[in-house]
Structures are given as C-alpha cells and as structure tokens.
Amino acid sequence: MHKKTDDIFAAPLREMIDFKFDERVVAVFPDMIQRSVPGYGMIISNIGILAAKYAQPGSHCYDLGCSLGAATLSMRQRIKQPECDIIAVDNSPAMIERGRELLARDCVPTVPVTLLCADIKDVTIDNASVVVLNFTLQFIPPAQRLALIKRIHAGLKPGGILILSEKIAYSDPERQHFHVELHHDFKRANGYSDLEISQKRSALENVMVPETVACHQERLQEGGFSSSELWFQCFNFASMVAFK
C-alpha cells in the first residue's frame, strides 16, 4: 500500500456506491481523516490523556471501530496502570492488517494490545475501565445504537468511562447549514474539490447517520450512564465522555 493521498472521489463516478472501508480507503485513510475531520489530531491525543486518567489496574480498555489504531496507540503510549491491556476491534480485515503493521512499529509497547477483526456488536465487553467509540457509532444503524451503549455500560467497571466521538447534526436548519458549510470550507482548504466533497457526501449518505448532541446524551442516560460531558467540538464534529 504505497498510495497515501486521498483522491478516491477526485474523478466523476459512473455509478455512486455506498462508502466502505476497503483496501482503497485503508491505503489513504490517514490523509483522508486528517483532511476531512476538523480537530482529529487533538481528539486522538486527548483520548490518550483521558485513558491515562481513568484506566484502572487489571482492566481492559476497548477501542471499538479502531480503524488503523490511532486511538489505541494514543492510549497505549499514556496508560501507566499495571496489568492493563487494550482490545482493538474493527470489522474491516484491511484495517486490521494495516493496523497490526503500524502497532508493530510502536517503540514503547508497554501495554499489550489484542487486535480483533469482528463486528463490535458481537464482541463481549467486560472488566472494562475505558471504552472508545471514535467516529464509530455513526456507522451503526440507529435502531441498534441503544443496545450497544447498554452493553458497553454493563461491561464497564464502576468509575469507568466511554469516550464517544461523532459527526453531529442540528435540529435547527440554519445551524445545520452553518456547520455543514464550514465543514465543506475546511475540506476545500485542505485541497478537496467540490466534486470530491459532493461525491463522498453521496457515498456516505446511506452509511453514516449523524445525530444531535442532545440525542446522544439522552441515549447515554437511557443506557445507564450517570452523566456525560461534551469536551470537544469543532464545526459539526464533537467528542463526549460518559461516566459510570
């Protein structure tokens, strides 16, 4: 995989198909995510800081929908608690294969990592102190999201946290338009053309379903979490932490 620059949607497509995390996306994913998600680097860095604060001795930390393992690496490099490990899960074989290569380059392997190619809805979550859903829940069908949140809550130890990062929506049309346009301006500033922005948006339309912050917070409460806090937002991208 020598390709690094994301030009998947640069040429007109004869037929629009749904976005999927295949080998083409894996090859350009670091470039794609940095140029598409405002504040992504800051979110990743602070996931490590949050994990270091809330990881408990002898517990598991989960990265659900780990893609290439950026959040896993951030946690691994900061967690200092004894007998902690990280379980990183993704349903894309190409992501897991490339993620394994990247993790092998980490020069400070102080925390063991297990990589699983599996559907996160099928993974047992137990003895957890930190669970990360970093831009993952938005790809789960809305009707299945509450069940996943409840399973995560049930698998967390008291004092554990869920870190939830998502592209968010707004119920007010004017606010929605404001943030969508700023996001498109962000992508243009990073070199994407209007054609690329339009085609990728169409490819994601049936795959990624954003929700409002209020909807996420209500679901977290219904799922059993005692409280949640919005700790980061840039345009229509946000990250929350929920406490058990």
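Computed from a predicted model, the values in this text were never measured in an experiment.

Draft legend 1. Region of interest: the packing of helix α5 (residues 142-155) against helix α8 (residues 213-222). Orientation of α5 relative to α8, taken along the N-to-C sense of each, is 50°, at an axis distance of 9 Å. Classified by the angle their axes make, α5 and α8 are oblique. Two packed elements cross with a definite hand, and for α5 against α8 that hand is right-handed. Judged by residue contacts, R145, L146, I149 and K150 of α5 engage R219, L220 and E222 from α8.

Draft legend 2. Region of the structure containing the nonpolar core. Among the nonpolar cores identified, the biggest contains 26 residues, and Y62, L64, V131, L133, I152, L162 and F225 are the most heavily contacted of them. Going through the elements one at a time, β1 (60-64), β2 (85-90), β4 (128-134), α5, β5 (156-167), α8 and β7 (237-243) are the ones with two or more residues in this core. Apart from residues no more than four positions distant in its own chain, L162 is found in contact with V131, L133, I149, I152, L156, L220, F225, M240, V241 and A242. I43, I44, A71 and V132 belong to the second largest nonpolar core, which has 24 residues in total.

Draft legend 3. Seen up close, helix α2 (residues 40-54). The terminal C-alpha atoms of α2, which comprises 15 residues, lie 21 Å apart, in line with the 21 Å expected from a rise of 1.5 Å per residue. For α2, every residue scored as buried is listed here: Y40, I43, I44, I47, G48, L50 and A51. Projected onto a plane normal to the axis of α2, the buried residues spread over an arc of 165° and lie on a single side.

Draft legend 4. Expanded view of the UniProt feature "binding site: S-adenosyl-L-methionine" (unreviewed entry) in the protein chain. Residues given the UniProt feature "binding site: S-adenosyl-L-methionine" (unreviewed entry) here are Y40, G65, C66, S67, D90, N91, D119, I120, N134 and R201. On the secondary structure map, D119 appears in the loop between β3 (113-117) and β4. According to the relative accessible area criterion, D119 is partly exposed, its value standing at 27%. Note on placement: I120 falls in the loop between β3 and β4. With residues up to four places along the chain from it excluded, the contact list for I120 reads L64, G65, V89, L133, T136, I140, L148 and R151.

Draft legend 5. Structural view of the sheet that holds β1. The seven strands are arranged β3-β2-β1-β4-β5-β7-β6 in an open sheet whose pairing can be described as mixed. Each edge of the open sheet carries a strand with a single partner, namely β3 and β6 (227-234). Strand-to-strand, the axes of this sheet are offset by a mean angle of 15°, without reference to chain direction. Two elements, β4 and β5, share six bridges in a ladder whose sense is parallel. Counterpart to A128 in the pairing with β5 is L156. Each of β2 and β3 is contacted by helix α4 (residues 93-104), which is oriented at about 165° to β3, the strand it contacts most.

Draft legend 6. Spotlight on the pattern of salt bridges. Applying the stated rule across the entire model yields six salt bridges. E101 is the salt-bridge partner of R98, the closest N and O atoms lying 2.7 Å from each other. Here R98 and its partner E101 are both found in helix α4, three residues apart, which amounts to about one turn of the helix. The closest approach of N and O atoms between K121 and D119, which form a salt bridge, is 3.1 Å. Each of the salt bridges in this network shares a partner with another, and the network as a whole consists of R145, E211 and R219.

Draft legend 7. The arrangement of the pairing of β7 in detail. The element β7 is extensively covered by neighbouring structure, given that six of its seven residues are classed as buried. Here seven bridges tie β5 to β7, and the two strands are oriented antiparallel to one another. Looking at the pairing, E166 lines up with A238 of β7. As paired elements, β6 and β7 share seven bridges and run antiparallel to each other. When the bridges of β7 are listed, S228 appears paired with A242. The antiparallel pairing of β6 with β7 creates a hairpin that spans two residues between the two strands, and F235 there sits at a positive phi of about 55°.

Criteria and thresholds
Per chain, the residues get numbers from 1 upward, laid out in the order the sequence is written. For this predicted model, a pLDDT threshold of at least 70 governs which residues receive local features, and a threshold of 80 or more governs which side-chain atom pairs are given and counted, while totals over whole chains, interfaces and linings are taken from all residues. Note that the side-chain values use all heavy atoms of the structure and ignore hydrogens as well as water. Interaxial angles span 0 to 180 degrees and are taken between N-to-C directions of axes, which are lines fitted to C-alpha atoms, for helices over the stretch in contact. Numbered from the N terminus, helices here are DSSP runs of H or I no shorter than four residues, and strands are runs of E no shorter than two. What sets the label is the angle itself: under 35 degrees gives roughly parallel, over 145 gives roughly antiparallel, 65 to 115 gives roughly perpendicular, and the rest give oblique. Crossings are classed by handedness, with left-handed meaning an anticlockwise turn of the near helix from the far one by less than a right angle and right-handed meaning a clockwise turn. The contact criterion used throughout is that any non-hydrogen atoms of two residues lie within 4.5 Å. Only buried residues count toward a nonpolar core, which is a set of Ala, Val, Leu, Ile, Met, Phe, Trp, Tyr and Cys residues joined through side-chain atoms within 4.5 Å. Each residue gets one of three labels from its accessible area relative to the maximum for its type: buried under 20%, exposed over 50%, partly exposed in between, using a 1.4 Å probe on protein chains only. Working rule for helices: expected span equals 1.5 Å times residues minus one. Taken from the helix axis, the directions to the C-beta atoms give the arc we talk about. UniProt positions are given in the numbering used here, feature names are shortened, and annotations may be inferred rather than shown by experiment. By this definition, two strands are paired if DSSP reports at least two bridges between them. Should a side-chain nitrogen of Lys or Arg be within 4 Å of a carboxyl oxygen of Asp or Glu, the pair is scored as a salt bridge.

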